[in-house]
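The residues making up each chain are set out below.
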Amino acid sequence: MDRRKLLNKQAGLSLSGLIGALAIIGVAGIFAMRMVPAYIEYSAIKSGIAQVKSNGGSIREMQQAFNRHTSINDVEAVRGQDLVFTRDGEETQISFAYEKRLPLMGNVSLLIDFAGTTDPSGVVAEADSAAP
């Protein structure tokens, strides 16, 4: 008898459950549509500093090469003048850090802190606050 009741019981998703699931998927889609371009830009910046470091040159030459790289890849968050250059023995290390504010809807925004470096230790150098 119990077995027949279990077989006749319907299973599925109710209308309210479907609407709730679609709302959650919609919010996740909005976050993804806003965040993916920011991470693509971050990836372009990281590849830019790696390429500039491998080509070498003076700091000014590296800044100009980075500016060329960012203009090709449509990067607006960081320019060559924003990069922090440090010397680690004979080798020059390049670091950057920036914030990206992504408007979601109305007065709600998402703030993401990005940072990267060519230093093998992974420590991001900070810009000298005394510099203009």
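Residues numbered from 1 in each chain as written. Predicted model: local features only at pLDDT ≥ 70, side-chain atom pairs only at ≥ 80, totals over all residues. Heavy atoms only, no water.

Engineer: Mind showing me how you'd approach the pattern of salt bridges here?
Structural biologist: Two side chains that carry opposite charge are able to pair once their charged atoms sit near each other. By the definition in use, this model includes two salt bridges. For Glu 41, the salt bridge goes to Lys 100, with nearest N and O atoms at 3.1 Å. You can see Glu 41 sitting in helix α2 (residues 15-55) and its partner Lys 100 sitting in strand β2 (residues 91-105), a full 59 residues away along the chain. Classification of Lys 100 as partly exposed rests on a relative accessible area of 23%. A salt bridge links Glu 91 to Lys 53, with the nearest nitrogen and oxygen atoms 2.7 Å apart. Taken as a pair, Glu 91 in strand β2 and Lys 53 in helix α2 lie far apart in primary sequence, 38 residues in all. (Salt bridge = Lys/Arg side-chain N within 4 Å of Asp/Glu carboxyl O. Helix = DSSP H or I, 4+ residues; strand = E, 2+ residues; numbered from the N terminus. Buried < 20%, exposed > 50% of the residue type's maximum accessible area, 1.4 Å probe, protein only.)

Engineer: Would you mind showing me how to read the UniProt feature "transmembrane region" (unreviewed entry) in the chain here?
Structural biologist: Under the local residue numbering, the UniProt record ascribes the feature "transmembrane region" (unreviewed entry) to residues 12-33. Secondary structure content for residues 12-33 is 86% helix and 0% strand, while the C-alpha to C-alpha distance between its ends is 30 Å. (UniProt positions renumbered as here; feature names shortened; annotations may be inferred.)

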